[in-house]
Amino acid sequence: MILEFKNIAWFLGLIIFQIFVIDAIDLGTYSYFFSPIIIAFFILKQRLSTTVFQLLIIAFFLGMITDIFRNTLGLNTFVLLMITYLKPTFLYSITSTEDIEKDVELNIFNIGILRFLLFFGSSLFFYHLLFFLIEQFSFQNLFTLLLRSLINTISSLMVLLFLQYVFISRK
Amino acid sequence: MRNIILLIQKYRNFLFFLFLESTALFFLFSATNNYHHYHYLSSSNSLSAGLLNYQSSLFSYFSLREVNNDLMIENAYLKEKTLNKNLVVGKKFIKSNDTIYRKNFLFKEVNIVNSQFKFYKNNLIINAGSQNGVVPKMGLIGTKGVIGIVTNVTKNYATVRPVINPNFGLKILHQKTNAWGDLLWIPEKNNFNSVYVNNIPIYTKVHENDFFVTSGAEGIYPKGVKIGRVISISKNIEDQTLDIELKLEENFSSLKIGFLVKNNFQEELNKHLKFE
């Protein structure tokens, strides 16, 4: 069920962490390269039994709230909806359909570190690439853009690893 | 008809996805000039601005020392100005504290509640709004130089578009030669402490460490507020202009306080600007 307490806490927690911690980190000149967006974790970690319809609604509101705080109206929403719709594509390109049970959350302890890195890495890279492309709205400096996406993907994976080790209890 | 309904049922997820996606696109591309965007769905609405205000009040203790130093420098500068405030009339007479002499610019100090500096389109929020007499198109200067221009005002807060935003444009002056140029921040090339100046004629004698200042032409800022100093100059032979890179005076990564500029003669000036 998507409306259970744990999910609501993750929903609000991720937005608060994104806006008041990650966006507030100041790395001087290098901040241009450090602006990871981790809210997509909420969509990606949902159980496979959650319907696409529910996920799309949640993604819309998650993206909208983040956008209102970051003054990028519609940008995060667009990319997040895209990620939501392509989630099965990313997942089944790295693993077979029977490998993962339908009713477990897709976090690092349930799907293993290798599959976590491949699945979340590829989808977060796609997220950042699309985000920066639409933000810039041109193909200029494509190499810098790829580099930015790569660095931000790696840093967001690190943040997510940290969050999961702290907040998810292992069985 | 039945086939159409079956088709819609089959692709309902995809259609719903397309619907939400087009809503997002609509927001994205109608965002710049939309009343609702500016008044309800931007970060200066009461809820998000209130939260950001709370964050700023939590973290402002950590930089009190720097803010104090800046304020002391500013105080000294202001004191010097008020003590030496004389009005020269003709060649011989000097009037001071004249009641007829009207002040052109008024300043109001504000706190910067939230500042962005690492994004593509950066925005600031200040803790003064329409209740305090803030209107759009007012200038904001800091303790060292120009910060930005007010774009949107709500009751208690206002959004400011800083120099480090690609939509910010200003005509500025080279301090030594009075040559006019256009200020431009290019997100792909500049970071938060540099900016470009275009359209300076190629014969102008510009050296490194020269200052660029505001022109005061549109009445938004007083004349002569510093913007930045030259760090590199390159010649553009095709356009016969100089491409100059400035280091901004104001440090946009640690903005805490600013001064709103109110021009008492703005309406009068606007008539002339329109007349041109």
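It should be noted that the structure appears before, not after, this text.
Residues numbered from 1 in each chain as written. Chains lettered and ligands numbered in written order. Predicted model: local features only at pLDDT ≥ 70, side-chain atom pairs only at ≥ 80, totals over all residues. Heavy atoms only, no water.

**A few points about the overall build of chain A**
Point 1. Across its full length, chain A holds 7 helices and 0 strands.
Point 2. When burial is assessed residue by residue, chain A has 53% of its 171 residues classed as buried.
Point 3. In chain A, the proportion of contacts linking residues at least 24 apart, taken out of those at least 6 apart, comes to 72%.
Point 4. Accessible surface, chain A as shown: approximately 7800 Å² in total, 72% of it carbon and sulfur. (Helix = DSSP H or I, 4+ residues; strand = E, 2+ residues; numbered from the N terminus. Buried < 20%, exposed > 50% of the residue type's maximum accessible area, 1.4 Å probe, protein only. Contact = heavy atoms within 4.5 Å. Areas by Shrake-Rupley, 256 points an atom, 1.4 Å probe, with all protein chains shown as cover.)

**Re the overall build of chain B**
Point 1. In terms of helices and strands, chain B carries 6 helices and 14 strands.
Point 2. When the 276 residues of chain B are sorted by exposure, 40% land in the buried category.
Point 3. Relative to all contacts within chain B whose residues are 6 or more apart in sequence, the contacts with residues 24 or more apart total 58%.
Point 4. Here chain B has roughly 16800 Å² of accessible surface; of this, 56% comes from carbon and sulfur atoms.

**Examining the sheet that holds strand S7 (residues 158-162) of chain B**
Residue and element names in this part refer to chain B.
Point 1. Around the barrel, which closes on itself, the 6 strands sit in the order S3-S4-S7-S6-S5-S14 with antiparallel pairing between neighbours. Looking at each pair of strands side by side, their axes are set apart by 45 degrees on average, direction ignored.
Point 2. Sheet topology note: the strand S3 (residues 105-115)/strand S14 (residues 257-263) ladder contains 7 bridges and is antiparallel. Across the sheet, the residue bridging to Phe 105 is Asn 263, located in S14. (Pairing = 2+ DSSP bridges. Axes fitted to C-alpha atoms, helices over the stretch in contact; angles between N-to-C directions.)

**Quick look at the pairing of strand S9 (residues 180-184) of chain B**
Residues and elements named next belong to chain B.
Point 1. The side-chain alternation of S9 yields one buried face, formed by Gly 181 and Leu 183, and one unburied face, formed by Trp 180, Asp 182 and Leu 184.
Point 2. Two strands pair when backbone bridges link them, and strand S8 (residues 170-174) and S9 are joined in this way by 4 bridges, in the antiparallel orientation. Among the inter-strand pairings, Leu 173 is bridged to a residue of S9, identified as Trp 180.
Point 3. In sequence, S8 turns back onto S9 through a hairpin of 5 residues, with Asn 178 there showing a positive phi of about 60 degrees.
Point 4. Sheet topology places S9 next to strand S10 (residues 194-201); 3 bridges connect them, and they run antiparallel. Within S10, the position partnered with Asp 182 by the bridge is Asn 198.

**Considerations on the packing of helix H4 (residues 75-94) of chain A against helix H6 (residues 113-136) of chain A**
All names here are of chain A.
Point 1. At a minimum axis separation of 9 Å, H4 and H6 run at an interaxial angle of 150 degrees. Here H6 runs roughly antiparallel to H4, going by the angle between their axes. The handedness of the crossing between H4 and H6 is right-handed. Listed contacts from H6 to Leu 75, Asn 76, Phe 78, Val 79, Leu 80, Met 82, Ile 83, Leu 86, Lys 87, Phe 90, Leu 91 and Ile 94 of H4 are Arg 115, Leu 118, Phe 119, Ser 122, Ser 123, Phe 126, Tyr 127, Leu 130, Phe 131, Ile 134 and Glu 135. (Parallel < 35°, antiparallel > 145°, perpendicular 65-115°, else oblique. Left-handed = near helix turned anticlockwise from the far one by under 90°.)

**Section: the environment of Asn123(B)**
Point 1. Secondary-structure assignment places Asn123(B) in the loop between S3 and strand S4 (124-126).
Point 2. Take Asn123(B): its relative accessible area is 13%, and that puts it in the buried class.
Point 3. Placed 25 residues apart in sequence, Asn123(B) and Gly148(B) show a C-alpha to C-alpha distance of 9.3 Å.
Point 4. Residues contacting Asn123(B), with those up to four places away along its chain left out, are Asn71(A), Asn114(B), Ser115(B), Gln116(B), Thr159(B), Val160(B), Arg161(B), Pro162(B) and Asn165(B).

**Examining the sheet that holds S8(B)**
Residue and element names in this part refer to chain B.
Point 1. Read once around its circumference, the closed barrel built from 6 strands follows the order S8-S9-S10-S13-S12-S11, with strand pairing classed as antiparallel. This sheet shows a mean twist of 40 degrees between the axes of neighbouring strands, independent of strand direction.
Point 2. Direction of pairing for S10 relative to strand S13 (residues 241-248): antiparallel, over a ladder of 6 bridges. Residue pairing for S13: Val 197 is matched across the bridge by Ile 244.

**As for a nonpolar patch on the surface**
All names here are of chain B.
Point 1. Nonpolar side chains collect at one region of the surface, where Met 1, Ile 4, Ile 5, Leu 7, Ile 8, Tyr 11, Phe 14, Leu 15 and Leu 18 lie side by side and expose about 880 Å² of accessible area between them.
Point 2. Counting residues per element, the ones that place at least two in the nonpolar patch are helix H1 (2-10) and helix H2 (12-29).
Point 3. Among the elements that take part in the nonpolar patch, H1 stands out by supplying 4 residues, more than any other.
Point 4. Following the sequence through the fold, Leu 7 ends up in helix H1. (Patch = residues over 30% accessible without salt bridge, like charges linked within 9 Å, V, L, I, M, F, W, Y side chains within 5 Å. Salt bridge = Lys/Arg side-chain N within 4 Å of Asp/Glu carboxyl O.)

**Brief notes about the nonpolar core**
Point 1. Counting 62 residues, the largest nonpolar core has Phe42(A), Ile43(A), Leu62(A), Leu80(A), Phe120(A), Tyr127(A) and Leu160(A) as the members making the most contacts within it.
Point 2. With near-sequence residues (within four places) excluded, Leu160(A) lies in contact with Ile38(A), Phe41(A), Phe116(A), Phe120(A) and Leu124(A). (Core = buried A, V, L, I, M, F, W, Y, C linked by side-chain atoms within 4.5 Å.)

**Some details on the packing of aromatic side chains**
Point 1. Applying the stated criterion across every chain yields a total of 18 aromatic pairs over all chains.
Point 2. Pairwise contacts between aromatic rings join Trp10(A), Phe41(A), Phe116(A), Phe119(A) and Phe120(A) into one cluster.
Point 3. Across the ring face of Phe211(B), the terminal group of Lys226(B) is positioned such that the distance to the ring centre comes to 4.5 Å. (Phe/Tyr/Trp six-rings, centres within 6.5 Å; stacked < 30°, edge-to-face > 60°. Lys NZ or Arg CZ within 6 Å of the ring centre and 35° of its normal.)

**Observations regarding H4(A)**
Point 1. Taking 1.5 Å per residue, 20 residues should reach 28 Å; H4(A) reaches 28 Å between its end C-alpha atoms and fits that length.
Point 2. Maximum bend of H4(A): about 55 degrees, positioned at Leu86(A), with proline Pro88(A) one to four residues after it.
Point 3. Along H4(A), the residues classified as buried are Leu75(A), Asn76(A), Thr77(A), Phe78(A), Val79(A), Leu80(A), Leu81(A), Ile83(A), Thr84(A), Lys87(A), Phe90(A) and Leu91(A).
Point 4. In this structure, the buried residues of H4(A) make contact with helix H2 (40-44), helix H3 (52-70) and H6 of chain A together with H2 of chain B. (Expected span 1.5 Å × (residues − 1). Bend = angle between axes of the 7 residues up to and from the residue.)

**Details of the packing of helix H1 (residues 5-22) of chain A against H3(A)**
Residues and elements named next belong to chain A.
Point 1. Close contact between H1 and H3 brings their axes to 11 Å; oriented N to C, the two are set at 25 degrees. Between H1 and H3, the crossing angle belongs to the class labelled roughly parallel. Crossing angle aside, the handedness with which H1 passes H3 is right-handed. Within the contact between the two elements, H1 uses Phe 11, Ile 15, Gln 18, Ile 19 and Phe 20 and H3 uses Ile 58, Phe 61, Leu 62, Ile 65, Thr 66, Phe 69 and Arg 70.
Point 2. For the contact of H1 with H3, the per-class residue count stands at 9 nonpolar, 2 polar and 1 charged. (Nonpolar A, V, L, I, M, F, W, Y, C, P; charged D, E, K, R; others polar.)

**Quick notes on the interface of chain A and chain B**
Point 1. Contacts between the two partners involve 35 residues from chain A and, on the opposite side, 32 residues from chain B.
Point 2. In total, chain A and chain B occlude about 3300 Å² of area from one another, counting both sides; carbon and sulfur atoms represent 68% of this.
Point 3. Summed over the three residues of chain A that lose the most area to chain B, namely Phe69(A), Asn71(A) and Leu73(A), the buried surface amounts to 20% of that side.
Point 4. Our count for the chain A to chain B interface comes out at 0 salt bridges.
Point 5. One can count 4 residue pairs in polar contact (both at pLDDT 80 or more) joining chain A with chain B. (Buried area = accessible area lost by both parts, 1.4 Å probe. Polar contact = N/O pair within 3.5 Å; in protein donor to acceptor, adjacent residues only side chain to side chain.)

Purely geometric stuff here, so don't read any function into it on its own.
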